[in-house]
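Understanding the architecture of this molecule
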Amino acid sequence: MASTLTDRLSHLVKTMRGQARITESNVQDMLREVRMALLEADVALPVVRDFIARVKDKALGQEVVGSLNPGQVLVSIVQKELAATMGEGISDINLAAQPPAVILMAGLQGAGKTTTTAKLAKHLIERRKKKVLTVSADVYRPAAIEQLKTVTKQAGAEWFPSAPDQKPRDIALAALDHAKRHYFDVLLVDTAGRLAIDEALMAEIRELHATIHPVETLFVVDAMQGQDAVNTARAFKEALPLTGVVLTKLDGDSRGGAALSVRQVTGAPIKFAGVSEKIDGLEVFDAERHAGRVLG
Ligand code: GDP
């Protein structure tokens with residue numbers, strides 16, 4: 001693992017000791033290190049450029065107050081801007097809808113949609129005391145329907161059956177009808193993913209969205225995807241009005257730079273982080289803590 005950004009900046013911090021003001025050359029030196037750190041964390045290049053431009057604006061001419069030295073001031077500007085870019089505060093799931101509140105899960109195959117659906121069901125049952133139903137609209141992989149059944153049981157939620165010979169739209173409508181008649185608070189709709197973006201997939205999920213009017217449309221994305229996360233996020237953003245992001249596999253060894261890219265591209269808040277394969281491996285996303293990880 002490369003040395004942390006704080007380590008790398010420490011020599012710059014030392015040379016700035018005693019200065020009253022941050023100079024252009026201090027900023028340039030520091031931004032070079034920040035740029036490297038972000039690229040190493042797999043943040044997409046255009047996102048890095050935007051970020052650097054914003055930090056530069058904030059840092060130039062910044063007064064140095066109290067006992068801090070200019071280097072420390074710069075590091076704190078970078079950290080704050082990074083946390084702000086990835087979202088401020090904590091945003092939980094929005095359930096402000098006539099029950100059942102429908103949540104649509106979107107993302108590529110393998111991103112962690114089915115696992116996250118069950119994790120979310122557990123979260124809503126335990127933390128929000130909701131009655132939760134899940135359904136799979138993945139008609140291409142019978143195994144995916146069975147997988148959702150298994151993990152839904154682990155979550156303590158109820159599962160609505162579906163079959164490969166049905167249309168995703170009909171499955172969702174039947175589940176919605178069942179949820180209404182049995183007084184469920186939340187219906188989680190898992191969807192089919194593909195290994196890569198394809199137009200048929202996008203058309204299908206758009207139709208699902210238009211049919212069931214979800215209060216939340218969550219984009220599930222694998223943090224290990226690194227640079228590719230940007231293109232995936234852009235395609236889903238163009239297809240759907242995303243209301244939130246779940247960044248999975250943050251227990252892996254990636255620096256999680258995808259968070260920054262995905263947040264910037266979708267404009268949607270990152271609501272949760274997947275931190276293990278297990279059913280309880282879901283955390284409310286904490287932008288400030290994640291900023292520290294991205295910088296290393
Ligand atoms: P889907 O195709 O999008 O529904 O993805 P799945 O839910 O089937 O997940 C694909 C793989 O990723 C499975 O082996 C999951 O156990 C694993 N997975 C999902 N989320 C996480 C996570 O947060 N951490 C880890 N380590 N593995 C995860």
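Where an unreviewed UniProt entry is consulted, the protein chain appears under the name Signal recognition particle protein, with the organism given as Ideonella alba. One UniProt comment on the protein chain, placed under Subcellular location (unreviewed entry), says "Cytoplasm". Quoted verbatim from the Subunit (unreviewed entry) field of the UniProt record, the comment on the protein chain reads "Part of the signal recognition particle protein translocation system, which is composed of SRP and FtsY. SRP is a ribonucleoprotein composed of Ffh and a 4.5S RNA molecule."

**Quick look at the site of the ligand**
In the vicinity of the ligand lie 17 residues, with Gly-110, Lys-113, Thr-114, Thr-115 and Asp-251 positioned nearest. In the model, an oxygen atom of the ligand is placed 3.3 Å from a nitrogen or oxygen of the Ala-111 main chain. One of the backbone N or O atoms of Gly-274 is found 3.3 Å from an oxygen atom in the ligand. Here the ligand loses 80% of its free accessible area of 580 Å² to cover by the protein chains. No other element matches helix α5 (residues 113-128), which puts 4 residues into the shell around the ligand. The class makeup of the residues in the shell around the ligand is 3 nonpolar, 8 polar and 6 charged.

**A few points about the sheet that holds strand β7 (residues 270-274)**
Each strand in a sheet pairs with another by means of backbone hydrogen bonds, the pair being arranged parallel or else antiparallel. Strands sit in the order β3-β2-β4-β1-β5-β6-β7-β8 across an open sheet of 8 strands; the sheet is mixed. Edge positions in the sheet fall to β3 (158-160) and β8 (282-284), since each of these pairs with one other strand and no more. Here the strands of the sheet are splayed against their neighbours by 25° on average, with no regard to which way each runs. Summarising the sheet, strand β6 (residues 244-248) and β7 pair through 3 bridges and their orientation is parallel.

**Describing the pairing of β6**
Taking burial as the measure, the 5 residues of β6 include 5 buried ones, the bulk of the element. Of the two faces of β6, both are covered, the one formed by Gly-244, Val-246 and Thr-248 as well as the one formed by Val-245 and Leu-247. Pairing geometry for strand β5 (residues 216-222) and β6, over 5 bridges, is parallel. Looking across to β6, one finds that Val-220 is bridged to Val-246. Between the parallel elements β5 and β6, the chain passes through helix α9 (residues 228-239) in a crossover that is right-handed.

**What to know about the pattern of salt bridges**
Applying the stated criterion to the full structure yields 15 salt bridges. In this structure, Arg-128 engages Asp-92 in a salt bridge whose closest nitrogen and oxygen atoms are separated by 3.2 Å. Of the two residues, Arg-128 sits in helix α5 while Asp-92 sits in the loop between α4 (70-85) and β1 (101-106), which places them 36 residues apart along the sequence. When its relative accessible area of 26% is taken as the criterion, Arg-128 is described as partly exposed. The partner of Glu-216 in a salt bridge is Lys-271, with the nearest N and O atoms 2.6 Å apart. Residue Glu-216 is located in strand β5, and its partner Lys-271 is located in strand β7; the two are separated by 55 residues in the primary sequence. Of the residues examined, Glu-216 reaches a relative accessible area of 0% and is grouped as buried.

**Digging into the packing of aromatic side chains**
With the rule as written, the count across this model stands at 1 aromatic pair. Over the ring of Phe-184 we find Lys-131; its NZ or CZ atom is 4.5 Å from the centre of that ring. Here Arg-194 stacks its cationic end above the ring of Tyr-140, 4.6 Å away from the centre of that ring.

Cut-off values and rules
- Residues numbered from 1 in each chain as written.
- Predicted model: local features only at pLDDT ≥ 70, side-chain atom pairs only at ≥ 80, totals over all residues.
- Heavy atoms only, no water.
- UniProt positions renumbered as here; feature names shortened; annotations may be inferred.
- Near = heavy atom within 4 Å.
- Polar contact = N/O pair within 3.5 Å; in protein donor to acceptor, adjacent residues only side chain to side chain.
- Areas by Shrake-Rupley, 256 points an atom, 1.4 Å probe, with all protein chains shown as cover.
- Helix = DSSP H or I, 4+ residues; strand = E, 2+ residues; numbered from the N terminus.
- Nonpolar A, V, L, I, M, F, W, Y, C, P; charged D, E, K, R; others polar.
- Pairing = 2+ DSSP bridges.
- Axes fitted to C-alpha atoms, helices over the stretch in contact; angles between N-to-C directions.
- Buried < 20%, exposed > 50% of the residue type's maximum accessible area, 1.4 Å probe, protein only.
- Right-handed = clockwise from strand over helix to strand, strands pointing away.
- Salt bridge = Lys/Arg side-chain N within 4 Å of Asp/Glu carboxyl O.
- Phe/Tyr/Trp six-rings, centres within 6.5 Å; stacked < 30°, edge-to-face > 60°.
- Lys NZ or Arg CZ within 6 Å of the ring centre and 35° of its normal.

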